[in-house]
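Remarks on the overall topology
So you can see what is in the structure, the chains are spelled out below.
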Amino acid sequence: MIPNILSIAGSDPSGGAGIQADIKAISANGGYAMAAITGLTVQNTRGVSRVSLTAPDLVHEQIMAIREDIHIDAVKIGMLGNAAIINAVADALAGLGAPVVVDPVMVAKGGDRLLEGAAVAALRDRLLPMAGVLTPNLPEAADLLGGPEPQSRSEMQAQAAALLALGPGAVLLKGGHLPGGDSPDLLLRAGGALWLEGARVASGNTHGTGCTLSSALATLIGSGYDVNEAARRAKAYVTGAITGADQLRVGTGHGPTHHFHALWDAPE
């Protein structure tokens, strides 16, 4: 059975991140993609120039319309923008019973802030306890905890433990911002820690990697994989999407990954 995966996130008209990336990643990993739009952005591979957030009641109604008609096997949450939308999403998902992957989208690849500073507390209080898996990168982890960005594996483990104490079932802390040639991710659960190793791929095509990873992870969990195996597969998928992105010719800034690298033949 093909799982139904709901993405709750903002739109990226350039197609590399946000809802557009989520739909591609969900589809590439064998899921049926659905979407509730939390905001429109004006952006391309060079950055974000404008964000217009969706009215919170409209976000709530989008989710409820899906709940009333379609079985949801897993949820991925991305850009939310402000506390009112966070609360609307939390209210709409109450009692759903499906696994939820929360990607705490706070700052775009180009440095543009996508979550109001005042909304960080609402994210911690309302959504983190609902999350089956939280998937921050190192700057996002520091933002959530109000501390410095981790600079080593030991600091990553300490911050992952602090995030786990906030209520999610697991934390997948992405180590792509660590210095050096490796890009290790840490999956921490109450049952222990799992390091997902990987060499850093030298590429300018990394726009939307967080959206892509969290969507793939939600799809794989919704397909029945346990969290450890889903995380392994999701990381391998994103690594392949970055590696295969040199087949694309999209923009002059932070280019997108190749979501369908395993499904499309390389051009001659």
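Above this note sits the structure.
A brief look at the structure comes next. (Residues numbered from 1 in each chain as written. Predicted model: local features only at pLDDT ≥ 70, side-chain atom pairs only at ≥ 80, totals over all residues. Heavy atoms only, no water.)

It is worth spelling out the packing of aromatic side chains at this point. Evaluated as defined, the whole model comprises one aromatic pair. Measuring from ring centre to ring centre gives 5.2 Å for Phe260 and Trp264, while their planes differ by 25°; the resulting arrangement is stacked. Here the guanidinium or amino end of Arg153 rests over the ring plane of Trp195, the centre of that ring lying 4.9 Å away. (Phe/Tyr/Trp six-rings, centres within 6.5 Å; stacked < 30°, edge-to-face > 60°. Lys NZ or Arg CZ within 6 Å of the ring centre and 35° of its normal.)

Along strand 1 (residues 4-11), eight of the eight residues are buried, which leaves the element largely enclosed by surrounding structure. Relative to strand 2 (residues 32-44), strand 1 runs parallel, the two being bridged by eight bridges. Within strand 2, the position partnered with Ala9 by the bridge is Ile37. For the crossover that starts at strand 1, traverses helix 1 (residues 18-28) and ends in the parallel strand 2, the hand is right-handed. Of the pairings in the sheet, the one linking strand 1 to strand 4 (residues 74-77) comprises four bridges and is parallel in character. Along strand 4, the bridge assignment pairs Ser7 with Lys76. (Buried < 20%, exposed > 50% of the residue type's maximum accessible area, 1.4 Å probe, protein only. Helix = DSSP H or I, 4+ residues; strand = E, 2+ residues; numbered from the N terminus. Pairing = 2+ DSSP bridges. Right-handed = clockwise from strand over helix to strand, strands pointing away.)

With that settled, consider the environment of Leu164. Tracing the sequence through the fold places Leu164 in helix 6 (residues 153-164). Sequence separation of Leu164 and His60 is 104 residues, and the distance between their C-alpha atoms is 27 Å. In contact with Leu164, other than residues within four places in its own chain, are Gly169, Ala170, Val171, Leu188, Arg189 and Ala190. (Contact = heavy atoms within 4.5 Å.)

Turning to the pattern of salt bridges, a few remarks are in order. Counting across every chain of the model gives seven salt bridges. One salt bridge connects Glu197 with Arg153, and the closest N-O pair in it is separated by 2.8 Å. Taken together, the residues Glu197 in the loop between strand 9 (192-196) and helix 7 (209-222) and Arg153 in helix 6 connect sequence positions 44 residues apart. A relative accessible area of 47% means that Glu197 is categorised as partly exposed. Take Arg153: its relative accessible area is 32%, and that puts it in the partly exposed class. The salt bridge involving Arg232 is made with Glu229; its shortest N-O contact spans 3.5 Å. Of the two residues, Arg232 and Glu229 are both situated in helix 8 (residues 227-243); the distance of three residues between them amounts to about one turn of the helix. (Salt bridge = Lys/Arg side-chain N within 4 Å of Asp/Glu carboxyl O.)

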